[in-house]
Amino acid sequence: MSCECNNIQEFTWDGTGLKYAVSMTCEGFDMDEDDWKITVSRGSRKVEFTPENAIHEVTTVQGQEVSTWYICIDTSLLGPGELHIIFDAKVPDDDFDEGFRHEIQKYKLINVKNL
């Protein structure tokens, strides 16, 4: 599985609003069609994003439709410290009892500092 966020910085200030384009790719998985969850956490605090509360934008580039997903994070909800992002994709797979398998990846996202 491959997961990406754009606009990665070393740090930001507490209270900053962050917006990231996110992408999860895995053979047999499509962010537009399959279930997924993205969790941004700092310690025990977290915010979760799903297709229902993330921003989905479809644009046309050179005659092709391009699908982009965005998450918007209010850092004041998480407070200062190291933010992590966890991608959880439900990949369709008939070899598993529920008909899908979880592909999970975790990355350091950004450090939030007190102003």
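Rules of the game
- Residues numbered from 1 in each chain as written.
- Predicted model: local features only at pLDDT ≥ 70, side-chain atom pairs only at ≥ 80, totals over all residues.
- Heavy atoms only, no water.
- Phe/Tyr/Trp six-rings, centres within 6.5 Å; stacked < 30°, edge-to-face > 60°.
- Helix = DSSP H or I, 4+ residues; strand = E, 2+ residues; numbered from the N terminus.
- Buried < 20%, exposed > 50% of the residue type's maximum accessible area, 1.4 Å probe, protein only.
- Lys NZ or Arg CZ within 6 Å of the ring centre and 35° of its normal.
- Pairing = 2+ DSSP bridges.
- Axes fitted to C-alpha atoms, helices over the stretch in contact; angles between N-to-C directions.

**Regarding the packing of aromatic side chains**
Where two aromatic rings form a pair, the distance of their centres and the angle of their planes describe that pair. Scanning all chains against the criterion turns up three aromatic pairs. Between Trp 36 and Trp 69 the ring centres are 5.2 Å apart and the planes differ by 80 degrees, which places this aromatic pair in the edge-to-face class. Linking Trp 36 in strand E4 (residues 36-42) with Trp 69 in strand E7 (residues 64-74), this pair joins segments that are 33 residues apart in sequence. Of the two residues, Trp 36 and Trp 69, both sit in the buried class. Plain terms: the ring middles of Phe 87 and Tyr 107 are 6.1 Å apart, the flat faces sit at 75 degrees to each other, and that makes the pair edge-to-face. With a gap of 20 residues between them, Phe 87 in strand E8 (residues 81-92) and Tyr 107 in strand E9 (residues 100-113) connect regions that are remote in the sequence. The class of Phe 87 is buried, set by a relative accessible area of 1%. Across the ring face of Tyr 70, the terminal group of Lys 19 is positioned such that the distance to the ring centre comes to 4.8 Å. Between Lys 113 and the ring centre of Phe 11, over which it is positioned, the NZ or CZ distance is 4.1 Å.

**Comments concerning unusual backbone geometry**
Where the residue is not glycine, phi is negative for most of them; where a peptide bond is considered, it is trans in most cases. Positive phi is not limited to glycine here, since Gln 62 has a value of about 50 degrees. Mapping Gln 62 onto the fold places it in the loop between strand E6 (55-61) and E7. With a relative accessible area of 80%, Gln 62 lands in the exposed category.

**Side note on the sheet that holds E4**
With mixed pairing, five strands are arranged side by side in an open sheet as E2-E9-E8-E4-E5. Strands with a single pairing partner mark the edges of an open sheet, and in this sheet they are strand E2 (11-13) and strand E5 (45-49). Here the average twist between neighbouring strands, direction ignored, is 30 degrees. Sheet analysis places E2 next to E9, joined by three bridges and oriented parallel. By the bridge assignment, Phe 11 is partnered in E9 with Asn 111.

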